[in-house]
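# Report on the structure
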Amino acid sequence: MGVEAHATNERVTGRRWTVRLDPVGRGRADVRVSCSRPACAAQVLPSAAAGRTAAIAHLKAHLRAGPAPRPSVHCACRAEECHTHIRPAGPRERPVPWRCGGAVVLAVITDREGRWWQVMECCSRCAAAHPTAKVVATAPAAEASARNDGLRADIAASAVPSVHAPTFSAISPHFSHSATATGTAVPQQASAPRSAARSAPRSARPTRKRPPRGRIAQRLVPHDLRPVALRDELTQLGELFRAYQARTEPDLAMLADLHARKAEAFHAWAEATADTGLRLDAQRAEQAAATARLQHLHRIGQAPDGEGPAVVRLLTAPAQWKHARAVLAHVAENAPLPGAEARLLVVMVTLRTAQSGVGNLVGQDIKGLPLQDPQHLVEQLVESGWLGISGTAEELIASRPENPTRISVPSLTPDEDDPGPFTFGRKLRPKLSGWAQRVVGEKKLRKGKTGADVRLLALALATGSDGEGRLGPGGEGIGLDALSSWCSVDPADLPDLVDRLTAADWLAEADVTGTHLTGRLTERVLPLGCPLT
């Protein structure tokens, strides 16, 4: 009898498999999704977001198609003796592994960064020991309990034949470390008072469920945080921030409101716990709320309260203004040919190829610029090695929009060792190119038949004024040496260029001193400006 009971009591270890999200290569955006199950082939996705979506869908498909947790299996952690969640010990205590117990469940465990997901067939006590575990299914208890009862009765009867078999509860746990689980019999007379003292079965007693633990800004919200309204607000804010991060389009007004609520909640949390770190986080949240709100107002063309009328600018964000200045500074340092006309053409070609080093150009793009001999200028840029074109310069000048010419700038082409001189994204490049075309092709500049040097000066002043149009930082003016170097003209010629911009209603109150140009941009051209921040 004892041999039969031992053979029947053999159990297999619970199932376990992992779905992983790994980078394909260094410096690449695509990721690889793999599953530890042998029948699942790895797949490559173009981005981390797409890979995470595919990994979760793959995991859910396994959970839907796979069998329910088996009540008779050993906890999957038992193979590791629960080393993954050893209970912490004191300075003089030896760490003790977490004991298995409770119903068998199917739990999903993940890391905080969302790089892997592991499914385990384990006991409910081990699942509770993992802070990120989520139970997706529970084994039926009745059948397993009945089986355990029969096994325990057989073991007790074979081990101590002279004593009556003890009475077991119908809802005893699957993994028990009590004396009865090892086969030690308890006399019927000793267990009777304890059974009589129980007024109701164990399953009928109300179970105390701990509320789900919230997480916000890499912090866990304590279960015992009081007041309860503050704990619930922090938990809800964490969920709202994670939902915002999953959005495909930004909403700066919503983000500003979330940061404002976070600042208020963290201030209250700091007062309740006297935590200086929480108080600093609250201050940072206030700054983030103010920044997001200001960016939202700039984007929709409104001004903050009390700051007067707003200017609807072609480039709306401070980051875009900085990138525009970065392009002009790069051209000033790396122009392959001297002269204002060559400088203006290099600016426009650079903005067409800034992201990848290649782009398309048609004849009208060049013929629209104030160039005396555009074909000869293109040939000079090709001969210098700075520009590459598919075909001849004459074919480029004659090309039409339905058949553009492919151009390339080797110095702007990124590679593994050099990502290129610019850091803005693919969507911003056409915005910057369109902004420069609007400036150099502005209506009154074209009607006045201004030259390349005047239009280069217009670009410099558009990126060198403050939010109110005053030239230079704080309205102190722009140095003449910098302007003459950028326009590729003699400093003595600058007053004439300033007069032409004033006549074209670009400048007002202009004054050329010995070292600086002061004044302001007119209201008419303020939308083309990139304010200094």
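The preceding data block contains the structure.
Starting afresh in each chain, residues are numbered from 1 along the sequence in its written order. Where totals are concerned, whole chains, interfaces and linings use all residues; where local detail is concerned, this predicted model gives features only for residues with pLDDT of at least 70, and gives and counts side-chain atom pairs only at 80 or more. Derived side-chain values reflect all non-hydrogen atoms in the structure, with water molecules and hydrogen atoms excluded from consideration.

### Topic: the sheet that holds strand β14 (residues 516-521)
Which entries qualify depends on this criterion: For two strands to be treated as a pair, DSSP must find at least two bridges joining them. Elements are defined by DSSP. Helices are runs of H or I of four residues or more, strands are runs of E of two residues or more, and each kind is numbered from the N terminus.
Across the sheet, three strands lie side by side as β12-β14-β13; this open sheet has antiparallel pairing. Taken across any chain shown, the strands that pair with only one partner, and hence form the sheet edges, are β12 (478-479) and β13 (507-512). Relative to β14, β12 runs antiparallel, the two being bridged by two bridges. Bridge assignment links isoleucine 478 to a residue of β14, and that residue is leucine 517.

### Regarding the nonpolar core
As a reminder of what qualifies: Throughout this description, the term nonpolar core refers to a set of buried Ala, Val, Leu, Ile, Met, Phe, Trp, Tyr and Cys residues connected via side-chain atoms within 4.5 Å. Each residue is assigned to one of three classes by its accessible area relative to the maximum for its type, calculated with a 1.4 Å probe on protein chains only: buried under 20%, partly exposed between the two thresholds, exposed over 50%. Working rule for contacts: check all heavy atoms of both residues, and any pair within 4.5 Å makes them a contact.
Within the largest apolar cluster, 71 residues are counted, with the highest numbers of intra-cluster contacts made by Leu461 and Trp506. Each residue touching leucine 461, except ones within four places of it in the same chain, is listed here: Leu471, Ile478, Leu483, Leu501, Leu507, Leu517 and Leu521. In terms of nonpolar packing, the next biggest core, distinct from the first, is built from 19 residues, Leu230, Ala256, Trp269 and Ala282 among them.

### Here we look at the packing of helix α10 (residues 340-353) against helix α12 (residues 374-383)
Put simply, the rule reads: In this description, a line fitted to the C-alpha atoms serves as the axis of each element, helices being fitted only across the stretch in contact, and the angle between N-to-C directions of two axes falls anywhere from 0 to 180 degrees. Here roughly perpendicular refers to angles of 65 to 115 degrees, roughly parallel to angles under 35, roughly antiparallel to angles over 145, and oblique to all remaining angles. Here the term charged refers only to Asp, Glu, Lys and Arg, the term nonpolar to Ala, Val, Leu, Ile, Met, Phe, Trp, Tyr, Cys and Pro, and the term polar to all other amino acids, Gly among them.
Axis separation between α10 and α12 bottoms out at 11 Å; the angle between their running directions is 70°. One finds that α10 runs roughly perpendicular with respect to α12. On the side of α10, the interface is formed by Glu341, Ala342, Leu345 and Val346, while α12 contributes Leu377, Val378 and Leu381. Residues that form the contact of α10 with α12 fall into these classes: six nonpolar, no polar and one charged.

### Concerning helix α17 (residues 480-487)
Quick note on the threshold: What the arc describes is the spread of directions from the helix axis to the C-beta atoms.
If you check which residues of α17 are buried, you get Leu480, Leu483, Ser484, Trp486 and Cys487. Projected down its long axis, α17 shows its buried positions confined to an angular sector of 165°, all on one face. Phi turns positive one or two residues past the end of α17, at serine 488, with a value near 55°.

### Side note on the packing of aromatic side chains
Note the threshold: Classification of ring pairs rests on two measures: the distance between centres of Phe, Tyr or Trp rings, Trp counted by its six-membered ring, which must be within 6.5 Å, and the angle between planes, read as stacked under 30 degrees, edge-to-face over 60 and tilted in between. Cation placement over rings: the criterion is NZ of Lys or CZ of Arg within 6 Å of the ring centroid and within 35° of the ring normal.
Within the structure shown, the criterion is met by two aromatic pairs. Relative to tryptophan 269, the ring of phenylalanine 266 has its centre 5.5 Å away and its plane inclined at 75°; by these criteria the two rings are edge-to-face. One end of the pair is phenylalanine 266 and the other is tryptophan 269, both in helix α7 (residues 252-273) and three residues apart, which spans about a single turn. Judged by relative accessible area, phenylalanine 266 falls into the buried class, the value being 0%. Residues phenylalanine 422 and phenylalanine 424 carry aromatic rings whose centres are separated by 5.6 Å and whose planes lie at 25° to one another, so their mutual orientation is stacked. Here phenylalanine 422 and phenylalanine 424 have matching classes, each one buried. The side chain of lysine 262 reaches across the aromatic face of phenylalanine 241, ending 5.8 Å from its centre. Between lysine 262 and the ring centre of phenylalanine 266, over which it is positioned, the NZ or CZ distance is 5.5 Å.

### Remarks on the sheet that holds strand β9 (residues 358-361)
Strands sit in the order β9-β11-β10 across an open sheet of three strands; the sheet is antiparallel. Single-partner strands in this sheet number two, and they are β9 and β10 (388-389). As paired elements, β10 and strand β11 (residues 405-408) share two bridges and run antiparallel to each other. What sits directly across from isoleucine 389, in β11, is isoleucine 407. Along the sheet, α10 makes contact with β9 and β11, crossing β9 at roughly 120°.

### Observations concerning unusual backbone geometry
A cis amide bond links arginine 226 to the next residue, proline 227, at an omega of 5°. Along the chain, proline 227 falls in the loop between β8 (219-220) and α6 (228-245). Even without being a glycine, alanine 217 presents a positive backbone phi close to 50°. Here alanine 217 is to be found in the loop between β7 (215-216) and β8. Although it is not a glycine, alanine 274 sits at a positive phi angle of roughly 55°.

### Digging into the pattern of salt bridges
Let me state the cut-off plainly: Whenever a carboxyl oxygen of Asp or Glu lies within 4 Å of a side-chain nitrogen of Lys or Arg, that contact is scored as a salt bridge.
In this structure the tally under the stated criterion is 19 salt bridges. Across the pair arginine 293 and aspartate 257 runs a salt bridge, and its minimum N-O distance is 3.8 Å. On the criterion of sequence distance, the pair formed by arginine 293 in helix α8 (residues 276-300) and aspartate 257 in helix α7 is long-range, its members being 36 residues apart. Residue aspartate 257 is classed as partly exposed on the basis of its relative accessible area, which comes to 46%. For aspartate 505, the salt bridge goes to arginine 524, with nearest N and O atoms at 3.3 Å. Taken as a pair, aspartate 505 in the loop between α18 (494-503) and β13 and arginine 524 in the segment after β14 lie far apart in primary sequence, 19 residues in all.

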